[in-house]
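Tertiary structure, described
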Amino acid sequence: MNHLQLFLPCAAGVEGYLADEVHAITGLTGHDLLVGRGGVLARAAWRDALRLNLHSRLAQRVLVQLAHRNYRNENDLYGLASEVAWEIWFTTRQSFKIDVTAQHSPLTSLNFAALKVKDAVADRFRHKSGARPDVNTQWPDVRIHLHLTTDEATLYIDTSGEALFKRGWREDKGDAPLKETLAAAMIAASGWDPLGDAPVPLYDPCCGSGTIAIEAAQMACNIPAGLQRRFAFEKLLPFQAHVWSAIKSEAESAITTSAAPIFGSDVSHRMVDFAQRNAERAGVAGAVQLRGGDALQRMPPTEQPGVLLLNPPYGERIAAAGSAGRNAAERMAHLDRAGRETAQTEDGGEFFSQLASHWKKHYSGWTAWMLTPDLKLPSQMRLKESRRVPMWNGPIECRLFRFDMVKGTARERGPRGTPPTSPPDGAAHAG
């Protein structure tokens, strides 16, 4: 188990950041760590697979590649699965499931492809031991992944189980919570470093249930992403409880108190309550300050300029952002109370132009990063972005825009006197 081929899938656009993270966790370099399309390939040991599950904030899963070959039909898939020594991974007392993904596969039915692989696994066990494991499509002990391209088939066994964005602390959430893995990718792209000598503040003024702030606080406290959850590898035959216990103990001994100033706020006090409870379960209630308040009115939470990092609400969700997003009746009532113009365009343009004006007036020296599927966001805000990093929120293509705030305007300059930068759309890392 010291020479495994691992594949760690991730959201498109995150591959480079994930490779950096895998290197930091395992020390792998060179040909042992390769960036692929939609993930990272790593030649590593079983112990590395366990540590990656525990520590990775960017990977969706940790898969062990077991077989790979060309195929033309379903019988080729049966042959491929028949040659895998499944008996060294699990027993007939455990249930399993086949998951299939495909890109331009010529096969007419992925369900039939899954059935052929299932038959091959069951037949191999029956031939070896006279018995076969059961299939459980809801809560299997073992997940087997088949990935098909135009002419290549790859089989993996899943060491993670539930997707890794499920950290184990989220119980309270809003209507459209940001996945923890995507929040971590936004932090990585921004270049914010909570463990440096003098970490700058990080503030999410539309924090919702607190995903970005909590991810940042766990990073600052050196709390492993998967510390509070279980993993599929705990049911696989190579698993040794004492090895896993030692890995967890080592990680727990490295947990610290945070020196990084981390803040979150939301116009909905209900969401702030959710965020507070999530922070408590995540072990970071003392490392993040959460408040209620309209994003269009909140002043900087600290005198030191820092990083604004947010996934602002859009469309019907715009009301969650602040007073400029309320529906007509709410807007009129709010006008009576606040005396402030709150009309907006259908897509929330007025909110974003007001937000930009607020930032230019009060957040001079801050760097703002906003994740959005709307490529016209900079024009709505009447700002010029200094970076745009492609990212995907599930099936939705997004951009993470960077705006460098200068009082009264925003121009293309790096923070604290660094040279102007305007990398191409495909730029991978933040300056």
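Residues numbered from 1 in each chain as written. Predicted model: local features only at pLDDT ≥ 70, side-chain atom pairs only at ≥ 80, totals over all residues. Heavy atoms only, no water.

Some thoughts on unusual backbone geometry
Trans peptide bonds make up most of the peptide bonds, and negative phi angles are found at most residues other than glycine. Operational definition: By the criteria applied, helices consist of DSSP H or I runs no shorter than four residues and strands consist of E runs no shorter than two, each listed in order from the N terminus. The buried label goes to any residue with under 20% of its type's maximum accessible area, the exposed label to any with over 50%, and the partly exposed label to all in between, with areas taken from a 1.4 Å probe on protein chains only.
The phi dihedral of His104 is positive, around 60°, even though this residue is not glycine. Here His104 is to be found in the loop between β5 (96-102) and α4 (110-129). Owing to a relative accessible area of 71%, His104 belongs among the exposed residues under this scheme.

Observations concerning the sheet that holds β5
Selection criterion: Should DSSP find at least two bridges between two strands, the strands are regarded as paired. To get an axis, a line is fitted to the C-alpha atoms, and for a helix only the part in contact is used. The angle between two axes follows their N-to-C directions and goes from 0 to 180 degrees. Note on definitions: a residue-residue contact is assigned when non-hydrogen atoms from the two residues lie within 4.5 Å.
Across the sheet, which stays open at both edges, the seven strands sit in the order β2-β3-β1-β4-β7-β6-β5 with mixed pairing between neighbours. The strands lining the two open edges of the sheet, one partner per strand, are β2 (33-36) and β5. In this sheet, adjacent strand axes meet at a mean angle of 30° when their direction is disregarded. Both β2 and strand β3 (residues 39-44) contribute to a ladder of four bridges, which runs antiparallel. The residue bridging Val35 from the neighbouring strand is Val40, located in β3. Docked against the sheet, helix α3 (residues 74-82) engages β4 (63-70), β6 (142-148) and β7 (152-158), running at close to 135° with respect to β4.

A closer look at the packing of aromatic side chains
The geometry of an aromatic ring pair is captured by two quantities: the separation of the ring centres and the angle between the planes. Filter applied, for reference: Each Phe, Tyr or Trp ring, with Trp reduced to its six-membered ring, pairs with another whose centre is within 6.5 Å; inter-plane angles below 30 degrees give stacked pairs, above 60 give edge-to-face pairs, and intermediate values give tilted ones.
Evaluated as defined, the whole model comprises twelve aromatic pairs. The structure contains a cluster of three or more aromatic residues connected by ring pairs, namely Trp46, Trp89, Phe231, Phe233, Phe239 and Trp244.

Topic: helix α6 (residues 211-220)
By the criterion of burial, α6 is predominantly enclosed, with nine of the ten residues buried. Within the span of α6, buried status applies to Thr211, Ile212, Ala213, Ile214, Glu215, Ala216, Ala217, Gln218 and Ala220. Buried residues along α6 sit against α5 (180-190), β8 (202-204), β9 (262-266), α8 (269-281) and β11 (307-310). Just beyond α6, the residue with positive phi is Asn222, at close to 60°.

Focus: the confidence of the model for the protein
Counted only if it meets this: Residue-level confidence of the predictor is summarised by pLDDT, bounded by 0 at the bottom and 100 at the top.
Residues with a pLDDT of 70 or more make up 85% of the protein, whose mean pLDDT is 88. Overall, residues 316-346 carries pLDDT values under 50, and its contacts beyond four positions in sequence, including any with other chains, amount to 59 contacts. Contacts from residues 410-431, a stretch scored under 50 in pLDDT, to residues over four places away or in other chains number 51 contacts.

Some details on the side chain of Glu215
Along the polypeptide, Glu215 turns up in helix α6. Here Glu215 falls in the buried class, since its relative accessible area comes to 0%.

Looking at the nonpolar core
Operational definition: Think of a nonpolar core as a cluster: buried Ala, Val, Leu, Ile, Met, Phe, Trp, Tyr and Cys residues, connected wherever their side-chain atoms sit within 4.5 Å.
Ranked by internal contacts, the top residues of the largest apolar core, which has 98 residues, are Leu6, Phe90, Leu155, Ile262 and Met391. Counting 22 residues, the second-largest nonpolar core is a separate cluster that includes Ala295, Leu296, Met370 and Met381.

Section: the pattern of salt bridges
Note the threshold: The rule for a salt bridge is simple: a side-chain nitrogen of Lys or Arg has to be within 4 Å of a carboxyl oxygen of Asp or Glu.
Scanning the entire structure with this criterion turns up 18 salt bridges. We note a salt bridge from Lys97 to Asp99, for which the minimum N-O separation is 3.4 Å. Judged on exposure class, the residue Lys97 and its partner Asp99 are both buried. Note that Arg143 and Asp99 form a salt bridge whose closest N and O atoms lie 3.4 Å from each other. You can see Arg143 sitting in strand β6 and its partner Asp99 sitting in strand β5, a full 44 residues away along the chain.

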